[in-house]
Amino acid sequence: MDVEPTRWLLFSHRGRLRRRTFWAVAVAANAALGAVALVGFVLATVLGALAGSDAAEPAMIAVGVVVLAMLPLVLASLIALGVKRLHDRDKSGWWLVIFYGVPAALRQSVPFLPQIPALVAYVTFLAVGLWAVIELGVLRGTVGPNRHGEDPIADDPPWTIDPTEETSAVPR
């Protein structure tokens with residue numbers, strides 16, 4: 001198995017990435033992290049129920065260590081995916097500071113703010129998050145080559161033509 005395409009997909013900040021691949025890998029990475037945490041929590045709970053609460057605590061600590069070990073890999077992958085999507089939109093990867101950093105900082109600050117500033121921070125958090133989803137996951141990239149590389153869907157037409165069908169142009 002050639003690991004180079006996987007390494008590029010998950011950890012490289014070079015090139016462009018289509019929306020379909022972005023969503024598939026981002027969902028898979030988050031699902032893997034969530035699955036590990038869920039399975040570990042269930043196993044620790046079962047172990048605690050069978051062997052007593054003294055056995056559950058070390059199991060929960062082990063689950064926490066595994067999740068914390070996975071977290072940097074998942075975050076690095078999400079950053080690399082975001083950079084490549086921004087490159088597909090012909091934008092700098094530094095936009096991720098706004099798309100990922102600002103919502104994270106605002107979310108952490110809300111509990112420490114008075115009511116009105118907290119509401120403003122929360123609305124800003126939602127607005128920037130929505131903007132990020134639209135920019136990274138909804139809008140099509142630059143048609144044709146741009147300064148970051150070739151169009152990742154240039155050879156993949158959006159319509160499939162089947163002459164045997166009554167409707168000749170069927171969206172995929």
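Refer to the structure above for everything that follows.
About the criteria used
Every chain is numbered on its own, with residues counted from 1 as its sequence reads. Selection of residues for local features in this predicted model requires a pLDDT of at least 70, selection of side-chain atom pairs for listing and counting requires 80 or more, and totals for whole chains, interfaces and linings are taken over all residues. No hydrogens and no water enter the side-chain calculation; it runs on all heavy atoms of the structure. By definition, any uninterrupted DSSP run of H or I lasting at least four residues is a helix, any uninterrupted run of E lasting at least two residues is a strand, and each is numbered from the N terminus. Relative accessibility decides the category of a residue: with a 1.4 Å probe and only protein chains considered, values under 20% of the type maximum give buried, values over 50% give exposed, and everything between is partly exposed. By definition, residues are in contact when any of their heavy atoms lie within 4.5 Å. Surface accessibility follows the Shrake-Rupley procedure with a 1.4 Å probe radius. Residue values consider only the protein chains on display as shielding. Ring pairs are drawn from Phe, Tyr and Trp, using the six-membered ring of Trp, whenever the two centres fall within 6.5 Å, and their geometry is named by plane angle: stacked under 30 degrees, edge-to-face over 60, tilted for the rest. A ring is considered to have a charge above it if a Lys NZ or an Arg CZ atom is located within 6 Å of its centre and within 35 degrees of its normal. Candidate patch residues must exceed 30% relative accessible area and have no salt bridge, after which like charges are joined if within 9 Å and Val, Leu, Ile, Met, Phe, Trp or Tyr side chains if within 5 Å. What makes a salt bridge here is a side-chain nitrogen of Lys or Arg within 4 Å of a carboxyl oxygen of Asp or Glu, nothing more.

**Student:** Let's hear about the overall build of the protein: which residues, and what values?
**Tutor:** For the protein, the helix and strand inventory stands at 5 helices and 2 strands. Starting at the N terminus and ending at the C terminus, the protein contains elements arranged as α-α-α-α-α-β-β. When the 172 residues of the protein are sorted by exposure, 28% land in the buried category. Long-range contacts, defined here as pairs at least 24 residues apart, represent 66% of the contacts in the protein between residues at least 6 apart. Accessible area of the protein: about 11,200 Å², with a carbon and sulfur share of 71%.

**Student:** Quick rundown of the side chain of E135? Include the residues and the values.
**Tutor:** Structurally, E135 can be placed in helix α5 (residues 115–138). The contacts of E135, once residues within four sequence positions are left out, are R85, L86, R89, K91 and F99.

**Student:** Summarise the packing of aromatic side chains; cite the residues concerned and give the values.
**Tutor:** What the rule picks out here adds up to 5 aromatic pairs. Pairing F22 with W23 gives two aromatic rings, centres 5.6 Å apart and planes at 70°, and the pair type is edge-to-face. Taken together, the ring pairs in this structure connect W95, F99 and W131 into an aromatic cluster. The lysine or arginine in question, K84, covers the ring of W8, its NZ or CZ lying 4.7 Å from the ring centre. Taking NZ or CZ as reference, K91 lies 5.5 Å from the ring centre of W95, over its face.

**Student:** So what's going on with a nonpolar patch on the surface? Residues and values would help.
**Tutor:** On the surface, a nonpolar cluster with roughly 570 Å² of combined accessible area is contributed by W23, V27, L130, V133, I134, V138 and L139. Sorting the residues of the nonpolar patch by element identifies α2 (19–51) and α5 as the ones contributing at least two each. Per-element tally for the nonpolar patch: the top contributor is α5, with 4 residues. Within the secondary structure, V138 is located in helix α5. According to the relative accessible area criterion, V138 is partly exposed, its value standing at 45%.

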